[in-house]
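# Structure assessment
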Amino acid sequence: MSLETIYEAILKGDAKTTAAQVQVALDQQVGADKILYEACIPAMGEVGRLFEAGEKFVPEMLISARAMQTAVNLLKPHLALADVRVVGKVVIGTVAGDLHDIGKNLVAMMLEGSGFEIVDLGTDVSPQAFVEAVRQHEPHLIGMSALLTTTMTSISETIKALQEAGLRDQVKVIIGGAPITQDFATKVGADGFAPDAGSATRVAKALVGAA
Ligand code: B1M
């Protein structure tokens, strides 16, 4: 096993080899976070670079995403901490028009591992669905993920919908995703921004006063 083998397997979209090699790595006591951050996530970055360069196409992105998901499923129990107290409730989703969920799932997983109760609304979540979920679940936090420059606007639309529903003051909003920046978060009035799953946990805890 080497991290390089896992990286290559995800890049090729070979889910079977990915699963087998991740398991070998875990059996050899390689840290789950090392496997995630040094093999899996860089592989997805390279898939994106090749797509942008016209050397990979949507179906190939999809099979790499599936291979990545098999890795995440195997890593999950090792990343989540066992005995954590509940520090707050988060409603999380990928915004309207956007189907990317790997990053959102990782963020949800890390939040869960650090004591948050998670209500995952999935992908392509409309502003109205976020509003309804806040009414129904009364979370401390809403987490929105956007991976496309074209869907970043769904974040501001959702924040606006929360304001119009009179719910904005009841929840903190944390956002993230590849095109999102702190500047954008400030501009749209989000309470927090995190560039990756690890910092999402720190920001979320700070927002609920559990840091
Ligand atoms: Co898409 N795609 N994709 N894609 N895709 C990108 C995002 C892209 C950058 C590729 C590229 O051109 N280089 C590009 C967007 C360009 C842009 O908008 N500027 C792109 C495009 C164009 C598209 C389509 C439009 C392609 C087409 O159809 N022509 C299409 C859109 C579909 C839609 O959503 N409506 C599309 C489709 C797809 C697939 C379905 C094939 C697949 C997604 C499968 C899935 O998610 N189940 C896919 C994939 C896999 C990618 C890339 C290659 C990888 C994304 C990923 O999973 N990264 C991506 C290229 C890239 O990102 N470099 C690309 C790994 C993941 C761990 O990182 O999601 O960034 P990420 O999450 C990080 C942080 O961003 C952060 O923490 C995570 C973990 O550290 N984070 C948060 C994320 N959410 C957060 C929330 C937070 C806090 C932090 O708080 C709540």
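Structurally, Lys89 can be placed in strand 1 (residues 88-94). This buried residue, Lys89, is left without a salt bridge; Glu117 holds the nearest opposite charge, at 4.3 Å. Engagement of the side chain of Lys89 in a polar contact is seen with the backbone oxygen of His137, the distance being 2.8 Å. For Lys89, the residues in contact, after removing those within four places along its chain, are Phe116, Glu117, Val119, His137, Pro139, His140 and Leu141.

Surveying the vicinity of the ligand reveals 34 residues, the closest of which are Leu99, His100, Asp101, Ser145 and Thr149. In the environment of the ligand, an oxygen atom lies 2.9 Å from a nitrogen or oxygen atom belonging to the backbone of Thr149. Between the ligand and Gly177 there is a distance of 3.5 Å, counted from a nitrogen atom to a backbone nitrogen or oxygen. Elements that contribute at least two residues to the shell around the ligand include exactly helix 3 (32-52), helix 4 (58-79), helix 5 (102-113), strand 3 (141-145), strand 4 (172-176) and helix 9 (197-207). Grouping the amino acids of the shell around the ligand by side-chain chemistry returns 21 nonpolar, nine polar and four charged.

A few words now on the sheet that holds strand 4. In spatial order, the strands read 2-1-3-4-5; together these five strands make up an open sheet with parallel pairing. Edge positions in the sheet fall to strand 2 (116-120) and strand 5 (192-193), since each has one partner strand and no second. Along the sheet, helix 5 makes contact with strand 1, strand 2 and strand 3, crossing strand 2 at roughly 150°. Lying over the sheet, helix 9 contacts strand 2, strand 3, strand 4 and strand 5, oriented at roughly 170° with respect to strand 4.

Reading the values: rules and limits
Residues numbered from 1 in each chain as written. Predicted model: local features only at pLDDT ≥ 70, side-chain atom pairs only at ≥ 80, totals over all residues. Heavy atoms only, no water. Helix = DSSP H or I, 4+ residues; strand = E, 2+ residues; numbered from the N terminus. Buried < 20%, exposed > 50% of the residue type's maximum accessible area, 1.4 Å probe, protein only. Lys, Arg positive; Asp, Glu negative; His and termini not counted. Salt bridge = Lys/Arg side-chain N within 4 Å of Asp/Glu carboxyl O. Polar contact = N/O pair within 3.5 Å; in protein donor to acceptor, adjacent residues only side chain to side chain. Contact = heavy atoms within 4.5 Å. Near = heavy atom within 4 Å. Nonpolar A, V, L, I, M, F, W, Y, C, P; charged D, E, K, R; others polar. Pairing = 2+ DSSP bridges. Axes fitted to C-alpha atoms, helices over the stretch in contact; angles between N-to-C directions.

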